[in-house]
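# Observations on the model geometry
Here are the chains, one letter per residue:
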Amino acid sequence: MSTIRLQRMPIAPARIALVLRLLSVVLALLTTAILLWATGRDPIALGAKVLSSTFGSSFGLEDLALLFSPLIYCGLAVAVALRIGAWNIGAEGQFNFGAFCATGIALFVPGPTWLMLPLMALAGMIGGALWILVPTLARAYADVSELITTLLMNFIAMLLVYWVATGPWLDPSGMALATTARLPVSVPPIWGIVHWGLPVAVMLAIALALVFTYTRWGYEVRIAGANPGAAAYAGMPVKRQLIAVMLLSGALAGLGGMMEAAGTVGRLQGGISNNYGYIGIMVAVLARAAPLGVLATAFFMAVILNGGIVLQSQGLTTHTVLAVTGLILLYAAIGDEAAHYKILRNKTGES
Amino acid sequence: MDILAGLIQTAFLAGGVLALAALGEVLAERVGVVNLGVEGLIALGAMSAVATVVGTGSPWLGLMVALLVGLGAGMVFATATVLIRANQVLCGLALTYIGTGMAATLGKPFSGSPVPATFDDIQIPILSDLPFFGRAFFSHNILVYVIFLALPLALHYLMFYTRHGLNMRAVGENPAAADAAGIPVMKMRFWYTSLGASLAAGAGAYLTLSFVPSWSEGVVAGRGWIAVALVIFAGFRPVNAVLAGLLFGFVTALGFVGQARNWPVAASILSMLPYLGTMALMIVPVITWQRMRRLMAAPEGITQPYFRDQR
């Protein structure tokens, strides 16, 4: 007689975690398919339509690339913070404020293009970092949960952008309702409508991966995230690292906002962030905070988002995608826990 | 004087959403579970309440359906976080996404149209005729009295004056010790988390059936997150949570008055007030009152799943 027993291991084996991660995505898509089928839609035909409209034409691929790029920036932002054990739920706000700052420079500072673009990128990064500054200091010095403070800042940034785009910075031509004038400089295109924002994002992901793997600083950040007490005991400046990493996180999201305003959209408008910040959390979590993993999961989420645009033509809203995203996250969280378990067979008669 | 009475009246009306959602979150966090899905639960509750009222014309039925939907969603969340012991932050975010997305998808057919029936204001005899106080305190719809008076007092009594409440707090503070004392930790966590979720969805029904009588995609507007923040500020106490909700209702009301009276400030800026206020409330007290920090501390076992075999 043998019984089956579950044993929980303190560390989940990476391979099992990865398999369960993939399984959770499949399960989430399956659940969505069943729900679509239950509401009288044909999930297989819809799926085929999503794939063909995304990968079937160069227009589809260009659209995909334009979704891919902001998701990398936001995914990296969340991932970097997760490395040191901080939840940056505010990439959405930092993205908005980065776009806001870059737009401010573009609209009101005259200068040659070669100087303007780096200046705007810098403004975007500083803006993103500024937007996470208060939550960062509150976490570092008063132990206030950054999870909620970063999130609250999202609403403030979105209201701010909405306000300037409909008020002080409204397009003076009178042609547009809720947007600024077209920015005088833009990020140059590299392929069709895809601009340099994408290659820069990919390079950043590779650079961050190298930093976290091969530098002492990256190592210390990882230790400080895993066990702050031990890191402090070993003489690492944990608090300073936390601040640096969180500001870097904000800067990454802010740069994404600059690329969106100056590259993809060409102007600043309300809702420019398009939930990228929130989906960036998904991207980072699915990638287990690995910068190179972010490239893969951001691509996957871009396909899902692009699929949402197809679903929209079927009488669903863009928010439907958010629900699908949530399902993936829920299954992934359960899968993470399940990965800790080992199945043991033991003979009961012997003990 | 008349402005102030109106302000207080609106503060109760607007603060009710936050107060009820915060009460639900107090229940969950007191047994050691942080539910970050409040935003999604409010959306689900708000949408299902409107859907029910559009179909049946009865706001009471709408509220009931919202509470049940919330209970169901809460049981899914509690299954994941309490029974399976998955990460609470991830599951909470997932619940927010699922709730917001599903509510937007299912609520699309009646988005933006006014609700056919809402909870009406009750003029309490004699008291509502009082000059100032009548308007500010005694002419609300019935839910306002439930949210601000009956429910917090009942919960306060339950949590701090009964054996059951002591057990409940023990589960949140030290689940291992509670388990050793024979308190059913998992059961307690499961049901209070589900019940808390039900109240959050009820806050959604309150939102669309009395405060903003219509459903639209952005109607929740971060209220769930503010409610989560208020629970921390309120030191995880039901009466404080309701008072904090009222305070934020007041801030919201101030924004309304500003818009109505054409203050020289843009509407978007006034709309920032509740978020800015919440930020301030989360940070300032912690810095200024060192002693309060211990008094208002979170339950010791919060966010930590309980494993009996790993004591």
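Given the structure is predicted, the values throughout are model-derived calculations rather than measurements. (Residues numbered from 1 in each chain as written. Chains lettered and ligands numbered in written order. Predicted model: local features only at pLDDT ≥ 70, side-chain atom pairs only at ≥ 80, totals over all residues. Heavy atoms only, no water.)

Okay, the state of the cysteines next. Residues and elements named next belong to chain A. Tallied over the entire structure, the rule returns zero disulfides over all chains. Free of any disulfide, Cys101 has its nearest neighbouring cysteine sulfur in Cys74, separated by 15 Å. Taking relative accessible area as the criterion, Cys101 reaches 19% and is therefore assigned buried. (Disulfide = S-S within 2.5 Å. Buried < 20%, exposed > 50% of the residue type's maximum accessible area, 1.4 Å probe, protein only.)

So, on to the UniProt feature "transmembrane region" (unreviewed entry) in chain A. Summarizing the sequence annotation, UniProt attributes the feature "transmembrane region" (unreviewed entry) to residues 64-82, 94-111, 117-138, 150-170, 190-212, 242-259, 279-304 and 316-334 of chain A in the numbering used throughout. Along residues 150-170 of chain A one finds 81% helix and 0% strand; the C-alpha atoms at either end are 28 Å apart. (UniProt positions renumbered as here; feature names shortened; annotations may be inferred. Helix = DSSP H or I, 4+ residues; strand = E, 2+ residues; numbered from the N terminus.)

Contacts between chain B and chain A engage 43 residues on the former and 42 residues on the latter. In this assembly, chain B packs against chain A so that about 3700 Å² is buried in total across both faces, 82% of it on carbon and sulfur atoms. When the buried area of chain B at its contact with chain A is split by residue, B:Leu90, B:Tyr97 and B:Met279 rank highest and sum to 19% of it. Where chain B touches chain A, the interface holds two residue pairs in polar contact (both at pLDDT 80 or more). (Contact = heavy atoms within 4.5 Å. Buried area = accessible area lost by both parts, 1.4 Å probe. Polar contact = N/O pair within 3.5 Å; in protein donor to acceptor, adjacent residues only side chain to side chain.)

A few words on a nonpolar patch on the surface. Residue and element names in this part refer to chain A. A cluster of nonpolar side chains, Leu51, Phe55, Leu61, Ile190, Trp191, Trp196, Met203 and Phe299, forms an exposed patch at the surface whose accessible area comes to about 750 Å². At the level of elements, α2 (43-55) and β2 (189-191) are the ones that each hand at least two residues to the nonpolar patch. Turning to its location among the elements, Trp196 is positioned in the loop between β3 (194-195) and α7 (197-214). (Patch = residues over 30% accessible without salt bridge, like charges linked within 9 Å, V, L, I, M, F, W, Y side chains within 5 Å. Areas by Shrake-Rupley, 256 points an atom, 1.4 Å probe, with all protein chains shown as cover. Salt bridge = Lys/Arg side-chain N within 4 Å of Asp/Glu carboxyl O.)

Time to look at unusual backbone geometry. Residue and element names in this part refer to chain A. In the Ramachandran plot, Asn275 falls in the positive-phi region, its phi being about 70° despite a non-glycine side chain. Note on placement: Asn275 falls in the loop between α10 (238-265) and α11 (276-286). Here Asn275 falls in the partly exposed class, since its relative accessible area comes to 25%. You will see that Arg288, though not glycine, has its phi angle at about 50°, which is positive. With respect to the helices and strands, Arg288 occurs in the loop between α11 and α12 (291-312).

Right, let's talk about the packing of helix α3 (residues 58-83) of chain A against α10(A) for a bit. All names here are of chain A. Direction vectors running N to C along α3 and α10 enclose 170°, while the axes themselves pass 7 Å from each other. Here α10 runs roughly antiparallel to α3, going by the angle between their axes. Listed contacts from α10 to Leu66, Pro70, Tyr73, Leu76, Ala77, Val78, Val80 and Ala81 of α3 are Val245, Leu248, Ser249, Leu252, Ala253, Leu255, Gly256, Met259, Glu260 and Thr264. Within the contact of α3 with α10, the residues separate by chemical class into 14 nonpolar, three polar and one charged. (Axes fitted to C-alpha atoms, helices over the stretch in contact; angles between N-to-C directions. Parallel < 35°, antiparallel > 145°, perpendicular 65-115°, else oblique. Nonpolar A, V, L, I, M, F, W, Y, C, P; charged D, E, K, R; others polar.)

So, about the nonpolar core. General note: in soluble globular proteins, nonpolar side chains tend to be found buried as a group. A:Ile72, A:Phe100, A:Met258, A:Ile281 and B:Trp215 are the most contacted members of the largest nonpolar core, which totals 204 residues. Ranked by residue count, the leading element in this core is α3(A), at 14 residues. Apart from residues lying up to four places away in sequence, A:Met258 is in contact with A:Gly98, A:Ala99, A:Ala102, A:Leu117, A:Met120, A:Ala121, A:Gly124, A:Val187 and A:Gly263. (Core = buried A, V, L, I, M, F, W, Y, C linked by side-chain atoms within 4.5 Å.)

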